[in-house]
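Summary of the model geometry
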Amino acid sequence: MNLFEGTNGRVAATSVGCMRWLVSSMLLALTVLLFIFGVRELILLGIIICVPTGWDEHAFWGHIYNLFMALEFIFMIIKYFEENYHFPLRYIIYIGATSVTRAMMIDHDHLVACGTAILLLVLAYCLVTLRKALAVRFCPEEAESV
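Residues numbered from 1 in each chain as written. Predicted model: local features only at pLDDT ≥ 70, side-chain atom pairs only at ≥ 80, totals over all residues. Heavy atoms only, no water.

1. Digging into the packing of helix H2 (residues 57-82) against helix H3 (residues 89-106)
The description of two packed helices rests on the angle between their axes and on the distance between the axes. The test is simple: To define axes, lines are fitted to C-alpha atoms, for helices over the stretch in contact only, and angles between the resulting N-to-C directions are given on a 0 to 180 degree scale. Numbering of helices and strands starts at the N terminus; helices are DSSP runs of H or I of at least 4 residues and strands are runs of E of at least 2. When describing relative orientation, an angle under 35 degrees is termed roughly parallel and one over 145 degrees roughly antiparallel, while 65 to 115 degrees is termed roughly perpendicular and anything else oblique. Throughout, a residue-residue contact means that at least one pair of heavy atoms, one from each residue, lies within 4.5 Å.
Here H2 crosses H3 at 175°, and the two axes come no closer than 10 Å. Relative to H3, the element H2 is oriented roughly antiparallel. In this structure, H2 contributes His-58, Trp-61, Gly-62, Tyr-65, Phe-68, Met-69, Glu-72, Met-76 and Lys-79 to the contact, and H3 contributes Tyr-91, Ile-95, Thr-98, Ser-99, Arg-102, Ala-103 and Ile-106.

2. So, a nonpolar patch on the surface
To keep it simple, the criterion reads: Only residues whose relative accessible area exceeds 30% and that form no salt bridge are eligible for patches; like-charged ones are grouped when within 9 Å, while nonpolar side chains (Val, Leu, Ile, Met, Phe, Trp, Tyr) are grouped when within 5 Å. Here the accessible surface of atoms and residues is derived via Shrake-Rupley with a 1.4 Å probe, and residues count as covered only by protein chains that are part of the display. Any Lys or Arg side-chain nitrogen found within 4 Å of a carboxyl oxygen on Asp or Glu counts as a salt bridge. Working definition: with a 1.4 Å probe on protein chains only, accessible area under 20% of the residue-type maximum means buried, over 50% means exposed, and in between means partly exposed.
A cluster of nonpolar side chains, Leu-28, Val-32, Leu-33, Phe-35, Ile-36, Val-39, Ile-43, Ile-47 and Val-51, forms an exposed patch at the surface whose accessible area comes to about 860 Å². Take Val-51: it is sitting in the loop between helix H1 (6-50) and H2. With a relative accessible area of 40%, Val-51 lands in the partly exposed category.

3. A look at the pattern of salt bridges
Within the structure shown, the criterion is met by three salt bridges. Between Arg-40 and Glu-41 there is a salt bridge whose closest N-O contact spans 2.9 Å. Its relative accessible area of 44% is what places Arg-40 among the partly exposed residues. Owing to a relative accessible area of 1%, Glu-41 belongs among the buried residues under this scheme. A salt bridge links Arg-102 to Glu-72, with the shortest nitrogen-to-oxygen separation between them at 2.6 Å. Taken together, the residues Arg-102 in helix H3 and Glu-72 in helix H2 connect sequence positions 30 residues apart. Side by side, Arg-102 and Glu-72 carry an identical accessibility label, which is buried.

This is how it looks when you write it as structure tokens:
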């Protein structure tokens, strides 16, 4: 039996459509805010580079980090729409690992915690890959959903 059959099915399909529209609108608004934030970081980087008297290397790398994080989130939202409202878990793990690596470059006080976080993210990636390999091997009909 299909969940979307009958009168209740039309209501459910309409609600899913409304929720998808609402989420898409919120993601579009978030993308605009992230774009504005990225432009702000570019302007601050330009000020740091053009005004040599106030050179602060830590602030420079901090703004670079913020700019790349904004770009990663924008690209993640774009990928979500390109994948037909689906975002694979491995992409989130990639973004988390690169983010923690960048944080290690800027803040040297928490290297052990950042290293542990990267190790846990690599372990999570291995588990996701193993799960997909096992699904393909033992449950080929369910492998497309993994």
